[in-house]
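Close look at the chain arrangement
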Amino acid sequence: MASEGDRRPDLEVELREPRGSRLLGGVRLQDEGAKGVAIALASTIVFIALVVLAITHAAGWPEVKRVFFDWGDISGSFPDIARAFVLNVKIFLVCEVFILVLSLIIAVLRSLPGPVFFPLRALATIYVDLARGVPTILVIALLGFGAPALQLTGVPRSPVFWAGVGLILVYSGYVAEVYRAGIESVHPSQEAAARSLGLTRFQALRRVVLPQAVRRVIPPLLNDFIGLQKDTALVGTLGVIEAFNQSQIDTSATFTYGSYLAAAALFVAITIPLARFTDWLIARDRRKRQAGSAFA
Amino acid sequence: MTKMLGLVALALALAGLAAGCGTTKKTASTGSSSCAKGDLNLVTAGKLTVGTDNPAFPPWYGGTPHKPWQVSDPRSGQGYESAVAYAVAKKLGFSKAEVTWKHVPFNNSFAPGSKSFDFDINQISYTPERAKQVSFSDSYYDVNQSVVVNKGTPIANVTTIAGLKPYGLGAQLGTTSYQFIKDTIKPSKQPSVFPQNAGAVQALKNKQVDGLVVDLPTAFYVTAVQVPNSKVLGYFAAKPGGEHFGMVFQKGNSLVQCVNHALATLRSNGTLKQLQQKWLAKATGAPILK
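Residues numbered from 1 in each chain as written. Chains lettered and ligands numbered in written order. Predicted model: local features only at pLDDT ≥ 70, side-chain atom pairs only at ≥ 80, totals over all residues.

**Description of the overall build of chain B**
Secondary structure summary: chain B contains eight helices and 13 strands in total. The buried share among the 290 residues of chain B stands at 44%. Of all intrachain contacts in chain B linking residues separated by at least 6 positions in sequence, the fraction that spans at least 24 positions is 68%. (Helix = DSSP H or I, 4+ residues; strand = E, 2+ residues; numbered from the N terminus. Buried ≥ 20, exposed ≤ 12 C-beta atoms within 10 Å, placed from the backbone. Contact = placed C-beta atoms within 7 Å.)

See the structure below:
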């Protein structure tokens, strides 16, 4: 029941590389040729030049340039922010593991069929609604200041711990929905076929449905990872010195904003490779499946 | 051909935008050197617009809160900073009714662009680095940093600066207290920095931080109102050259000289001292930490 050889014509059409480049508005290069490229190039250059001109001629530009784009300011604040950024990456990596597990459980609970499982389904639905409904910053503040206020022995006081719990709870809600979309996209005939071969319901889920479901949702999943990576900055509201909080410290010390740019550069340095990695995964998956379907 | 037309239209639109932005250039706000009321370089003519954060905390601001102000009311003239602002306004020739207050969060007080206030008075410490971006008035209050702790916790027995090293300390973002922790106390634990006063206070209540470093008058407010069962452990002698609060102005605003002139008079005739005794008298009696 390996899924490699399954024919899914609808999905393949969707994922097939478009003939022309999307960036060039679907122009088919060999037909319209150099003319299209030239127009695209000229329009880009004119556009960028005019935007740059508009910004640099704005009345406030000299001041903005001075407070935001001072190279000494940016590079001077960089080492401290980079050190603080290590914490963002750690929080991100640890939370991600828990989120992947927790959200999968929730998604499976939400997808359970039959009236017997109604309470579990309802519970999972309520959880997802709450997790996605309350602003992340509020969840973090509630847990980070509220849980330690109980003064229970054995309950950690660490703001990093509670902020991590908050991020896990919130993001599990989102990621569970991504998983669920994946599970529901697998045609019911897949499970029926698996059951007819003698697999139990759990085996069918584990061996047939989930492998296909997870592979389909890897791009949106990584999309949420990127969101999580950025939201680690919310931990700063609990007093923890992470990258954004450090950049705010620098800004309030100098009244300049170069440190914001330094922090932004660090976040982008993580999220862009993650985005390219997603693209690569999708491409690899497509190649694998196309190779597989040749034998079907 | 339509593509070309579109391109031209785009170019024209953007060129118009660029030109539009270019012509809104304002003349530099130098103003005249006279301190006569009519010659002052003001945001709103005939009115003195003063900024501070909301909530404005005692003992810097007092009076019963009245919308939109919370915790206190800067318009009351009560509290040290409110009283100083009105005293300066009077010296500049403004009646009480001619002073308007504006809610200016700390981060907005130094944001680039034209300011919505004539000066901002919000416990902002002068530093040479900050003074490159905004103009500061002379001192209206000389600051000592201090530590607030929970009674009965291990840190409550500390009597020296060196004794504070092993503890987790917190400060509020935007204050110079964080810099003080890093440069003078040099603790072995990473300090915490809270974007809001409320967060810092809650963390001290929860014992998520052992001590909070704040300016001395604020420390007495924290112990009296915000954190029950806490005490001012002590204060630190000012650094050489001292630390002081100054009012914040748009960089280069000629109004600074006039306010400095007013402050000098208020200092020499004893008004500042009187106002400190009236509003900050409670902020005494803490031991010094060496």
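There's plenty left to go through after this.
**Observations regarding the overall build of chain A**
Looking only at helices and strands, chain A features 13 helices and zero strands. Counting from the amino terminus, helix and strand elements in chain A follow one another as α-α-α-α-α-α-α-α-α-α-α-α-α. If you take every contact in chain A between residues at least 6 apart in sequence, the share linking residues at least 24 apart comes to 72%.

**Thoughts on the sheet that holds strand β13 (residues 288-289) of chain B**
Residue and element names in this part refer to chain B. Spatially, the six strands line up as an open sheet ordered β8-β7-β9-β6-β10-β13, and their pairing is mixed. Each edge of the open sheet is held by one strand with a lone partner, namely β8 (192-194) and β13. Where strand β7 (residues 169-172) lies against β8, three bridges are found, and the strand directions are parallel. What sits directly across from Gln-172, in β8, is Phe-194. Along the sheet face, helix α4 (residues 177-185) touches β6 (145-150), β7, β8, β9 (211-215) and β10 (230-236) and points at about 145° away from the line of β7. Contacts from helix α5 (residues 197-205) reach β6, β7, β8, β9 and β10, with the element oriented near 160° to β7. (Pairing = 2+ DSSP bridges. Axes fitted to C-alpha atoms, helices over the stretch in contact; angles between N-to-C directions.)

**Focus: the nonpolar core**
Counting residues in hydrophobic clusters, the biggest one holds 88 residues, and the most contacted among them are Val-148 and Leu-212 of chain B. Sort the elements by how many residues they give to this core and helix α8 (residues 159-185) of chain A lands first, with 13 residues. If you look at the next biggest cluster of nonpolar residues, it comprises 47 residues, including Trp-69, Ala-83, Trp-101 and Ile-124 of chain B. (Core = buried A, V, L, I, M, F, W, Y, C linked by C-beta atoms within 7 Å.)

**Examining the environment of Asn-197 of chain B**
Residues and elements named next belong to chain B. Structurally, Asn-197 can be placed in helix α5. Between the C-alpha atoms of Asn-197 and Pro-55, which are 142 residues apart in sequence, the distance is 9.8 Å. Look past the residues within four positions of Asn-197 in its chain and what remains in contact with it is Phe-57 and Gln-172.

**Re helix α6 (residues 118-133) of chain A**
Residues and elements named next belong to chain A. Between its terminal C-alpha atoms α6 stretches 22 Å, which fits the 22 Å expected from 16 residues at 1.5 Å a residue. Of the positions making up α6, those classed as buried are Ala-124, Val-128 and Ala-131. End-on, the buried residues of α6 take up no more than an arc of 70°, which puts them together on one face. Looking at α6, the residues exposed on the side facing more than 90 degrees away from the buried face are Phe-118, Pro-119, Ala-122, Ile-126, Asp-129 and Gly-133. Check the buried side of α6 and you find it contacts α5 (71-111) and α8. (Expected span 1.5 Å × (residues − 1). Arc of directions from axis to C-beta.)

**Focus on the interface of chain B and chain A**
Listed by partner, the interface residues are 36 residues for chain B and 34 residues for chain A. Elements that contribute at least two residues to the side of chain B that touches chain A include exactly α1 (2-23), α4, β8 and α5 of chain B. Here the side of chain B that touches chain A gets 10 residues from one element, more than from any other, and that element is α1 of chain B. Here the side of chain B that touches chain A is composed, by residue class, of 17 nonpolar, 13 polar and six charged. (Nonpolar A, V, L, I, M, F, W, Y, C, P; charged D, E, K, R; others polar.)

**Considerations on the environment of Lys-37 of chain B**
Residue and element names in this part refer to chain B. Structurally, the position occupied by Lys-37 is in the loop between α1 and β1 (48-52). The class of Lys-37 is partly exposed, set by 14 C-beta atoms lying within 10 Å. The spacing of Lys-37 and Gly-93 is 56 residues in sequence and 6.1 Å in space, taken between C-alpha atoms. Apart from residues lying up to four places away in sequence, Lys-37 is in contact with Leu-92 and Gly-93.

**Considerations on the packing of α5 of chain A against α8 of chain A**
Residue and element names in this part refer to chain A. Running from N to C, α5 and α8 cross one another at 45°; their axes reach a closest spacing of 6 Å. The orientation of α5 with respect to α8, classified from their angle, is oblique. The way α5 lies across α8 gives a crossing that is right-handed. Across the interface between the two elements, Ile-91, Val-94, Cys-95, Phe-98, Ile-99, Leu-102, Ser-103, Leu-104, Ile-106, Ala-107, Arg-110 and Ser-111 of α5 pack against Val-160, Gly-164, Leu-167, Ile-168, Tyr-171, Ser-172, Val-175, Ala-176, Tyr-179, Arg-180, Ile-183 and Glu-184 of α8. Looking at the contact of α5 with α8 residue by residue, the classes come out as 17 nonpolar, four polar and three charged. (Parallel < 35°, antiparallel > 145°, perpendicular 65-115°, else oblique. Left-handed = near helix turned anticlockwise from the far one by under 90°.)

**Structural notes on the packing of helix α2 (residues 80-92) of chain B against helix α7 (residues 255-268) of chain B**
All names here are of chain B. As a packed pair, α2 and α7 sit with axes 9 Å apart at the nearest point and diverge in direction by 110°. Taken together, the axis directions place α2 and α7 in an arrangement best described as roughly perpendicular. Taking contact as the criterion, the partners of Ala-87, Val-88, Lys-91 and Leu-92 in α2 are, on α7, Cys-258, Val-259, Ala-262, Leu-263, Thr-265 and Leu-266.

**Overview of the pairing of β9 of chain B**
Residues and elements named next belong to chain B. Buried residues dominate β9, accounting for five of its five residues. The pairing of β6 with β9 spans five bridges and is classified as antiparallel. Paired with Val-149 across the bridge in β9 is Gly-211. In this sheet, β9 lies alongside β7 in parallel orientation, the contact comprising two bridges. If you follow Leu-169 over to β9, its bridge partner there is Gly-211.

**Let's talk about helix α7 (residues 136-149) of chain A**
Here α7 of chain A contains 14 residues, and its C-alpha end-to-end distance of 20 Å stays within 8% of the 20 Å for a straight helix at 1.5 Å per residue. Of the residues one or two after α7 of chain A, Gln-151 of chain A is the one with positive phi, at around 60°.

**A few points about the domain arrangement of chain B**
Interfaces are often sized by the amount of accessible area the parts lose when they come together. Residues and elements named next belong to chain B. Considered domain by domain, chain B is made up of domain 1 (37-142 + 243-289) and domain 2 (145-236). Placing the centre of domain 1 and that of domain 2 at their C-alpha centroids yields a distance of 25 Å. In this assembly, 15 residues from domain 1 lie in contact with 17 residues from domain 2. Residue composition of the side of domain 1 that touches domain 2, by class: 10 nonpolar, three polar and two charged. (Domains from an automatic or database assignment.)

**Points about unusual backbone geometry**
All names here are of chain B. Look at the link from Asn-54 to Pro-55: it is a cis peptide, with omega at 0°. Across the junction of Lys-67 and Pro-68, the peptide omega takes the value 0°, indicating a cis bond. Inspection of the secondary structure puts Pro-68 in the loop between β1 and α2. Although it is not a glycine, Val-71 adopts a positive phi angle of roughly 70°. Take Val-71: there are 16 C-beta atoms within 10 Å of it, and that puts it in the partly exposed class. The phi dihedral of Lys-207 falls on the positive side, at around 60°, and the residue is not glycine. Within the secondary structure, Lys-207 sits in the loop between α5 and β9. The class of Lys-207 is partly exposed, set by 15 C-beta atoms lying within 10 Å.

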